[in-house]
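# Examination of the molecular architecture
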Amino acid sequence: STAVLCVRHARVRSCSVSYRAPDWFCSAGLPPSAAEQSGMLELVRADLGHLATAVGAQADKADAISAKVRELDTAQGNVLRAVGRLQAMMDRTSCLEGVSQAMAAEDYERAAAFVADFTALQEELGGGGSGLGGESSGGEAQLSEQEARMGEAREKLTGVVR
């Protein structure tokens, strides 16, 4: 007697996966025996186990990539904030140069505009500091010097206007 393997009518449910053997899998139209069904179910269960492991590995890789993307987003944000602060510091230096030139040319309206811009930049940088934690004492000294120079220019401008 030859054993006929047919699982056409067998269904397996595991890990929310439904399996139905294709029609070509059956060698005859006879229903499979219980032993044949059990053997086939074990093969399908083993395949599903391998599939679940592979999907789990891919999910772990996706989690690792997602964590790295979040890390890079944070780093990019930090860099953009630092670049913005540096740009504000450079703009502040330009204001100092502009107010000096405007005062020398006796263009007091333009000098007042530079003083206003400097004040706005100073507020943007968080008061008198740069907002760049860990800045060297040389940088702090430069900022203090800039503030002193702008204070002098502000006093001269106020004296001229009155």
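Throughout, a residue's number is its position along its own chain's written sequence, starting from 1. Note on the predicted model: pLDDT of at least 70 is required for a residue's local features to be given, and 80 or more for side-chain atom pairs to be given and counted; whole-chain, interface and lining totals, by contrast, use all residues. Calculated side-chain values reflect all of the structure's heavy atoms, with hydrogen atoms and water omitted.

### Here we look at the overall build of the protein chain
The condition that has to hold: Put simply, DSSP H or I for four residues or longer makes a helix, DSSP E for two residues or longer makes a strand, and each gets a number counted from the N terminus. With a 1.4 Å probe rolled over the protein chains alone, any residue whose accessible area is under 20% of its type maximum counts as buried; one over 50% counts as exposed, and the rest are partly exposed. For this analysis, residues touch if any pair of their heavy atoms sits within 4.5 Å. With residues, only the protein chains shown are counted as cover, and all accessible areas are computed by Shrake-Rupley using a 1.4 Å probe.
Along its length, the protein chain carries three helices and two strands. For the protein chain, the sequential pattern of α-helices and β-strands runs β-β-α-α-α. Looking at the protein chain as a whole, 22% of its 162 residues qualify as buried. Taking contacts inside the protein chain between residues at least 6 apart in sequence as the whole, the part at least 24 apart equals 61%. For the protein chain, the accessible surface area stands at approximately 11000 Å², while carbon and sulfur atoms represent 56% of it.

### Some remarks on the environment of Cys95
Within the fold, Cys95 resides in helix H1 (residues 34-104). Judged by its relative accessible area of 5%, Cys95 falls in the buried class. Separated by 18 residues in sequence, Cys95 and Ala113 place their C-alpha atoms 8.9 Å apart. Cys95 has contacts with Phe114, Asp117, Phe118, Leu121 and Met150, leaving out every residue within four places of it along the chain.

### Some details on the pattern of salt bridges
Put simply, the rule is: Salt bridge, as used here: a side-chain nitrogen of Lys or Arg that lies within 4 Å of a carboxyl oxygen of Asp or Glu.
One pass over the full model with this rule turns up four salt bridges. One salt bridge in this structure joins Glu42 and Arg45, with 3.0 Å as the shortest N-O distance. Of the two residues, Glu42 and Arg45 are both situated in helix H1; the distance of three residues between them amounts to about one turn of the helix. Between Glu147 and Arg92 there is a salt bridge; the shortest N-O distance is 3.5 Å. Pair noted here: Glu147 is in helix H3 (residues 137-161) and Arg92 is in helix H1, with a separation of 55 residues, a long-range link. Owing to a relative accessible area of 27%, Glu147 belongs among the partly exposed residues under this scheme.

### Some remarks on the nonpolar core
Rule in force here: Throughout, nonpolar core names a set of buried Ala, Val, Leu, Ile, Met, Phe, Trp, Tyr and Cys residues whose side chains join them through atoms within 4.5 Å.
Counting residues in each nonpolar core, the largest one holds 16 residues, and the members touching the most others are Val99, Met103, Ala111, Val115, Phe118, Met150 and Leu157. Elements supplying a minimum of two residues to this core: H1, helix H2 (108-124) and H3. For this core, the element with the highest residue contribution is H1, accounting for seven residues. Excluding residues that lie within four positions of it along the chain, Met103 makes contacts with Tyr108, Ala111, Ala153, Lys156 and Leu157.

### So, the confidence of the model for the protein chain
Where we set the bar: Confidence scores per residue from the predictor, reported as pLDDT, run from 0 to 100.
Of the residues in the protein chain, 73% have a pLDDT of 70 or more, and the chain-wide mean is 78. Averaged pLDDT values over the elements of the protein chain bottom out at 42 in strand S1 (residues 11-14) and peak at 92 in H1. In the model, residues 1-17 has pLDDT below 50 throughout and makes 40 contacts with residues more than four positions away in sequence or in other chains. This model gives residues 128-134 a pLDDT under 50, and the stretch forms 16 contacts once residues within four places in sequence are excluded.

### What to know about the packing of H1 against H2
What counts is decided by this rule: As a rule, the C-alpha atoms of each element are fitted with a line to give its axis, helices using only the stretch in contact, and angles between N-to-C directions run from 0 to 180 degrees. By the definition adopted for this analysis, an angle is roughly parallel if under 35 degrees, roughly antiparallel if over 145, roughly perpendicular if from 65 to 115, and oblique otherwise. Working rule for handedness: look at the near helix, and if it is turned counterclockwise from the far one by less than a right angle, call the crossing left-handed; if clockwise, right-handed. Only Asp, Glu, Lys and Arg are considered charged in this grouping, and only Ala, Val, Leu, Ile, Met, Phe, Trp, Tyr, Cys and Pro are considered nonpolar; every other residue, Gly among them, is considered polar.
The contact between H1 and H2 brings their axes to 8 Å, and the two run at 160 degrees. The pairing of H1 with H2 is recorded here as roughly antiparallel in orientation. The element H1 and its partner H2 pack so that their crossing is left-handed. Counting all contacts with H1, which are made through Gly84, Ala88, Asp91, Arg92, Ser94, Cys95, Leu96, Gly98, Val99, Gln101, Ala102 and Met103, the residues of H2 involved are Tyr108, Arg110, Ala111, Phe114, Val115, Asp117, Phe118, Leu121, Gln122 and Glu124. Across the contact of H1 with H2, the residue classes break down as 12 nonpolar, five polar and five charged.

### Considering H2
The test is simple: One less than the number of residues in a helix, times 1.5 Å, gives the span that helix is expected to have. Throughout, the arc means that of the directions going from the helix axis to the C-beta atoms.
With 17 residues, H2 should cover 24 Å at 1.5 Å per step; its first-to-last C-alpha distance of 24 Å lies within 8% of that length. Taken together, the buried positions of H2 are Ala111, Val115, Phe118, Leu121 and Gln122. The buried residues of H2 all sit within an arc of 125 degrees when viewed along its axis, so they share a single face. With respect to the buried face of H2, the exposed residues turned more than 90 degrees away are Glu109, Glu123 and Glu124. Phi turns positive one or two residues past the end of H2, at Gly126, with a value near 85 degrees.

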